[in-house]
Amino acid sequence: MKKISIIISLMVSLLFFVALAQASPIGKITGITGNADITPAGENQAKKLAAGDTVSTGDIVRTKSKSKAEIAFNDGNILRLAENTRLKIAEYMSGRDKKVSIISLLRGKIQNTVNTVGGEGGRYEVHTPTSVCGVRGTVFFNYHLNGVSGSLFEKGEGYGFNARMPQDIKTISAGHKMIVPGASEPAQLRPFTPGELKALQMETDPSSGVFRSEESAGNAGRRLDQTLDQYKPVPGDVKPYIPPPVHHEPHPPYPPQPPYPY
């Protein structure tokens with residue numbers, strides 16, 4: 001009986017410290033344009049966001065039409081949200097020897113500037129409903145629109161895969177993007193165009209006045225995510241040259257080891 005009481009006490013203490021860690025601020029809003037809100041972890045009511053507001057693990061952040069936001073995490077990493085974006089800070093744990101950060105991108109586009117992921121075993125990942133993309137320090141963008149997920153690497157190198165096909169891991173180098181066209185389709189790699197990079201930079205920068213409507217964003221996303229053979233330019237659009245996809249062998253340190261947390 002005494003052992004059972006001790007075990008129960010330890011479990012309660014553990015749950016308390018986990019809840020305390022989730023409630024502790026891990027960053028703050030350093031830039032905002034238009035209207036954005038946050039649903040704190042464990043709550044159902046969204047609250048309007050303002051510059052200087054803090055964010056914690058488990059929070060859901062949303063930007064509305066013609067709105068953007070920037071989050072500066074305590075460790076120096078930067079996360080920027082384009083308009084009509086919704087994400088959850090699923091995990092953000094740091095320590096001297098390990099860091100695990102998982103951003104669940106539910107909808108929209110984001111820019112990630114990852115300066116640190118901690119020691120050995122640390123990782124920074126973005127999960128969408130159909131893809132997983134992770135890095136070890138870089139500048140990269142992610143989006144999930146109309147069922148299509150994309151990851152574009154401006155700097156550094158990372159990995160990614162269809163969430164349903166974790167065995168098919170792609171290594172994504174600078175200048176390339178990974179596309180997951182649908183939940184049942186494998187991830188694809190190809191170089192990105194300067195125009196794609198510029199558009200994402202402007203759309204996720206809170207200081208930029210560039211926005212893209214829902215309709216045009218969907219059409220552009222479909223055009224950019226088609227292969228060269230499938231690409232059909234709209235009237236007045238110039239069909240860019242897209243070299244064949246470059247397939248890299250998986251980088252040994254990157255593939256996640258089972259059991260893999262989603």
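Residues numbered from 1 in each chain as written. Predicted model: local features only at pLDDT ≥ 70, side-chain atom pairs only at ≥ 80, totals over all residues. Heavy atoms only, no water.

Asker: A description of the overall build of the protein should follow, citing residues and the corresponding values.
Answerer: Of regular secondary structure, the protein possesses 3 helices and 17 strands. Across the 262 residues that make up the protein, the buried fraction comes to 45%. Taking the contacts inside the protein whose residues are at least 6 apart along the sequence as the reference set, 51% of them involve residues at least 24 apart. Of the roughly 13,300 Å² that the protein leaves accessible, carbon and sulfur atoms contribute 58%. (Helix = DSSP H or I, 4+ residues; strand = E, 2+ residues; numbered from the N terminus. Buried < 20%, exposed > 50% of the residue type's maximum accessible area, 1.4 Å probe, protein only. Contact = heavy atoms within 4.5 Å. Areas by Shrake-Rupley, 256 points an atom, 1.4 Å probe, with all protein chains shown as cover.)

Asker: Any chance you could break down the confidence of the model for the protein for me, citing the residues and the numbers?
Answerer: Of the residues in the protein, 69% have a pLDDT of 70 or more, and the chain-wide mean is 80. Low confidence marks residues 12-22, where pLDDT is under 50. Its contacts with residues over four positions away, or in another chain, come to 2 contacts. Every residue in residues 257-262 is under pLDDT 50, and counting partners more than four places away or in other chains gives 13 contacts. (pLDDT = per-residue confidence, 0-100.)

Asker: So what's going on with the packing of aromatic side chains? Residues and values would help.
Answerer: Here the structure, examined in full by the defined rule, presents 3 aromatic pairs. Measuring from ring centre to ring centre gives 6.2 Å for Tyr 124 and Phe 140, while their planes differ by 90°; the resulting arrangement is edge-to-face. On the criterion of sequence distance, the pair formed by Tyr 124 in strand β10 (residues 123-127) and Phe 140 in strand β12 (residues 138-145) is long-range, its members being 16 residues apart. Assigned by exposure class, Tyr 124 and Phe 140 land together as buried. On the basis of relative accessibility, which here comes to 0%, the residue Phe 140 falls in the buried class. Aromatic rings pair up to connect Tyr 124, Phe 140 and Phe 153 into one cluster. The ring of Phe 211 has Lys 68 lying over it, and the distance from NZ or CZ to the ring centre is 4.8 Å. (Phe/Tyr/Trp six-rings, centres within 6.5 Å; stacked < 30°, edge-to-face > 60°. Lys NZ or Arg CZ within 6 Å of the ring centre and 35° of its normal.)

Asker: Explain the pattern of salt bridges residue by residue, including any values.
Answerer: When the charged atoms of two side chains with opposite charge come close together, those side chains can pair. In this structure the tally under the stated criterion is 10 salt bridges. Residues Asp 37 and Lys 64 are paired through a salt bridge, measuring 3.9 Å at the closest nitrogen-oxygen approach. Taken together, the positions of Asp 37 in strand β2 (residues 36-39) and Lys 64 in the loop between β5 (60-63) and β6 (68-73) put the pair 27 residues apart, joining distant regions of the chain. On the basis of relative accessible area, Lys 64 is assigned to the partly exposed category, the value being 38%. Across the salt bridge formed by Lys 177 and Glu 196, the nearest N and O atoms sit 3.0 Å from each other. Here Glu 196 lies in helix α2 (residues 194-204) and Lys 177 lies in strand β16 (residues 176-180), a separation of 19 residues in the sequence. By relative accessible area, Lys 177 is classed as buried at 1%. Among the ionic contacts, a cluster of salt bridges with common partners joins Asp 37, Arg 62 and Lys 64. (Salt bridge = Lys/Arg side-chain N within 4 Å of Asp/Glu carboxyl O.)

Asker: Now, about the side chain of Thr 63: what can you tell me, with residues and values included?
Answerer: Along the chain, the position of Thr 63 falls in strand β5. By relative accessible area, which is 2% here, Thr 63 ends up buried. Within the local environment of Thr 63, its side chain forms a polar contact with the backbone oxygen of Ala 82, the two atoms lying 2.5 Å apart. Once you skip the residues sitting within four places of it in the chain, Thr 63 turns out to touch Asn 35, Ala 36, Lys 68, Ala 69, Leu 81, Ala 82, Glu 83, Asn 84 and Thr 85. (Polar contact = N/O pair within 3.5 Å; in protein donor to acceptor, adjacent residues only side chain to side chain.)

Asker: An account of the pairing of strand β1 (residues 25-33) is needed here, citing residue identities and associated values.
Answerer: Sheet topology note: the β1/strand β4 (residues 54-56) ladder contains 3 bridges and is antiparallel. Note on β4: the bridge partner recorded for Lys 28 is Thr 54. Of the strand pairs in this sheet, β1 and β6 are connected by 6 bridges, and their pairing is antiparallel. Paired with Lys 28 across the two strands is Ala 72, which belongs to β6. (Pairing = 2+ DSSP bridges.)

Asker: Outline unusual backbone geometry, supporting the account with residue identities and numerical values.
Answerer: Positioned with a positive phi, Asn 84 is a non-glycine residue whose angle comes to about 55°. Structurally, the position occupied by Asn 84 is in the loop between β7 (78-81) and β8 (86-94). Its identity is not glycine, yet Asn 146 carries a phi of approximately 55°, on the positive side. Its location among the elements puts Asn 146 in the loop between β12 and β13 (148-155). In this structure Asn 146 comes out as exposed when scored by relative accessible area, which is 55%.

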